[in-house]
Amino acid sequence: MTTLSPTRPAGRGPRRTYSAVPGETPGTPPWRAVKSLILLLCVVLVLLPFLAIISTSLADTAQVTKAGGYVLWPDHPNLSAYSALLSGGLVAKAMFVSVGVTVVGTALSLVSSISLAYGLSRPGSFGHRPVLLLLVMSLLFAPGVIPSYLMVKQLGLINSYWSLILPTMINAFNVIVLRSFFMGIPKELIDSARIDGASELSILTRIVLPLSKASVAVVGLFYAVTYWNAFFNALLYINDAAKWPLQMVLRTYVVNNAALSGGQVDAAAGVPLPPAQSLQAAILVLSIVPIVIVYPFLQRHMNKGVMVGAVKG
């Protein structure tokens, strides 16, 4: 038995590959070396600012004064800046406020968003189309600053921690992502549970949510990052500096370069305060570390949770 194999048309030579480096192809060692050097340069440019911030927060007063600003590598690292910030005063209180607002806000946002998304994913539910239309319109027409402020003022939330949570408790994009994922769950699975006598709450908690861990984890990360990084609501609604979240302190004392006084940090008796650059760098590190710690545990859900929820339904 003869086997016919495809042949390349006559007159055509081997397929050529082209490279940005003249005379080199993408598979040759010189080209790989060039790509490796470019990637290494990009990594260094990204990591260098982080290294400078961390090193400055750990450097002593003499080295910071000698460098005249940021230090690239501390000779005698110490935690005096972090001790002064976390032992009491404004920054320590702001840290607790940010943690509390993030935890409570993320929990409330997840509960309300999951409930709303599940209701909108069930065809024929009460007010399905009008509520969905309002949700989509909120993406297109965002409320202005003045109407939002007047609403919060009328509700009596000025200078209240709830003003940092309630105005942004439900995000329309996150609800739509969860709704799309819920609609991708087989209808037969939900109908069989309903036939067995399960209530809607039981279906949601025992069937839908266990199958939607990836999307819920990603949406929870989105809400947590939003609450942790938010400062504009505090700028509008919080008048008492003792109730500021950490990002508001970061904006005031790092972005605006205001000086932290002795009453706003806590240092041991007779011990001078660390330099302003070390305190500012320490505030930056404290504002980044919690999200950096949480993100690796949820990163594996990112592609599955967002992409699947975005393309289904």
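Since the model is a prediction, treat every value here as computed from it, not as a measurement.

On to the overall build of the chain, then. Along its length, the chain carries 14 helices and 0 strands. For the chain, the α and β elements follow one another from N to C terminus as α-α-α-α-α-α-α-α-α-α-α-α-α-α. Residue burial in the chain is summarised as follows: out of 313 residues, 35% are buried. In the chain, the proportion of contacts linking residues at least 24 apart, taken out of those at least 6 apart, comes to 69%.

The residue Asn159 is not glycine, and still its phi comes out positive at about 65°. Looking at the element boundaries, Asn159 is found in the loop between α6 (145-154) and α7 (172-183). Residue class for Asn159 comes out partly exposed when judged on its relative accessible area of 23%.

This paragraph deals with empty space enclosed by the protein. Counted according to the given criterion, the structure contains 1 cavity of 30 Å³ or more. Lining the largest cavity, in full, are Ser98, Val101, Thr102, Leu164, Tyr227, Trp228, Ala230, Phe231, Asn233, Ala234, Pro245 and Gln247. Listed by contribution, the elements that provide at least two residues to the lining of the largest cavity are α4 (90-121), α10 (213-229) and α11 (232-237). The greatest single-element share of the lining of the largest cavity, amounting to 3 residues, is contributed by α4. When its residues are assigned to classes, the lining of the largest cavity shows 8 nonpolar, 4 polar and no charged.

Moving on, we get to the packing of aromatic side chains. As enumerated under the stated definition, the model contains 2 aromatic pairs in all. Aromatic side chains Tyr118 and Phe182 sit 6.4 Å apart centroid to centroid with 70° between the ring planes, which places their arrangement in the edge-to-face category. With a gap of 64 residues between them, Tyr118 in helix α4 and Phe182 in helix α7 connect regions that are remote in the sequence. Accessibility classification places Tyr118 together with Phe182 in one group, the buried group. A ring pair is formed by Tyr149 and Tyr237, whose centres lie 6.1 Å apart and whose planes are at 20°; its orientation type is stacked. Of the two residues, Tyr149 is situated in helix α6 and Tyr237 in helix α11; the sequence distance between them amounts to 88 residues. Under the relative-accessibility criterion, Tyr149 is labelled partly exposed at 31%.

Attention now moves to the pattern of salt bridges. Here the structure, examined in full by the defined rule, presents 3 salt bridges. For Asp191, the salt bridge is made with Lys187, and the minimal N-O distance between the two is 2.8 Å. Here Asp191 pairs with Lys187, and both are found in helix α8 (residues 187-195), just 4 residues apart, close to one helical turn. For Arg194, the salt bridge is made with Asp191, and the minimal N-O distance between the two is 3.2 Å. Placement of the pair is Arg194 and Asp191 together in helix α8, with a separation of 3 residues, close to one helical turn. In the salt-bridge network here, residues are joined through shared partners; they are Lys187, Asp191, Arg194 and Glu200.

In this section: the packing of α7 against α10. Running from N to C, α7 and α10 cross one another at 175°; their axes reach a closest spacing of 10 Å. Relative to α10, α7 is oriented roughly antiparallel. Residues Asn174, Leu178 and Phe181 of α7 pack against Ser215, Val216, Val219, Phe222 and Tyr223 of α10. A breakdown of the residues in the contact of α7 with α10 according to their chemical character gives 6 nonpolar, 2 polar and no charged.

What follows is about α6. Since the α-helix packs 3.6 residues into each turn, any two residues three or four apart lie on the same face. Of all the 10 residues making up α6, 1 are buried; the element is thus mostly uncovered. Gly156 occupies a position one or two residues after α6 and carries a positive phi of about 70°.

Looking now at a nonpolar patch on the surface. Together, Leu133, Leu134, Val136, Met137, Leu139, Leu140, Phe141 and Phe173 make up a nonpolar patch on the protein surface, roughly 830 Å² of accessible area in all. Sort the elements by how many residues they give to the nonpolar patch and helix α5 (residues 128-140) lands first, with 6 residues. Using a relative accessible area of 62% as the deciding quantity, one classes Leu140 as exposed.

Below, the discussion takes up the side chain of Asn174. When you line up the elements, Asn174 lands in helix α7. Residue classification places Asn174 among the buried residues on the basis of a relative accessible area of 4%. Setting aside residues up to four positions removed in sequence, Asn174 forms contacts with Val219, Phe222 and Tyr223.

This next bit is on the confidence of the model for the chain. Counting all residues, the mean pLDDT for the chain is 79, and 81% of those residues have values of 70 or more. Scored below 50 in pLDDT, residues 1-6 makes 0 contacts in the model with residues more than four places away or belonging to other chains.

Note on placement: Ala117 falls in helix α4. Put simply, Ala117 and Arg179 are 62 residues apart on the chain and 4.5 Å apart in space, counted from C-alpha to C-alpha. Beyond its immediate sequence surroundings of up to four residues, Ala117 is in contact with Val175, Leu178, Arg179 and Phe182.

Criteria and cut-off values
Residues numbered from 1 in each chain as written. Predicted model: local features only at pLDDT ≥ 70, side-chain atom pairs only at ≥ 80, totals over all residues. Heavy atoms only, no water. Helix = DSSP H or I, 4+ residues; strand = E, 2+ residues; numbered from the N terminus. Buried < 20%, exposed > 50% of the residue type's maximum accessible area, 1.4 Å probe, protein only. Contact = heavy atoms within 4.5 Å. 1 Å grid on protein atoms, 1.4 Å probe; cavity = no way out; pocket = protein on both sides within 12 Å on 5 of 7 lines; lining within 4 Å. Points joined across faces, edges and corners; volume = space filled by probe spheres on them. Nonpolar A, V, L, I, M, F, W, Y, C, P; charged D, E, K, R; others polar. Phe/Tyr/Trp six-rings, centres within 6.5 Å; stacked < 30°, edge-to-face > 60°. Salt bridge = Lys/Arg side-chain N within 4 Å of Asp/Glu carboxyl O. Axes fitted to C-alpha atoms, helices over the stretch in contact; angles between N-to-C directions. Parallel < 35°, antiparallel > 145°, perpendicular 65-115°, else oblique. Patch = residues over 30% accessible without salt bridge, like charges linked within 9 Å, V, L, I, M, F, W, Y side chains within 5 Å. Areas by Shrake-Rupley, 256 points an atom, 1.4 Å probe, with all protein chains shown as cover. pLDDT = per-residue confidence, 0-100.

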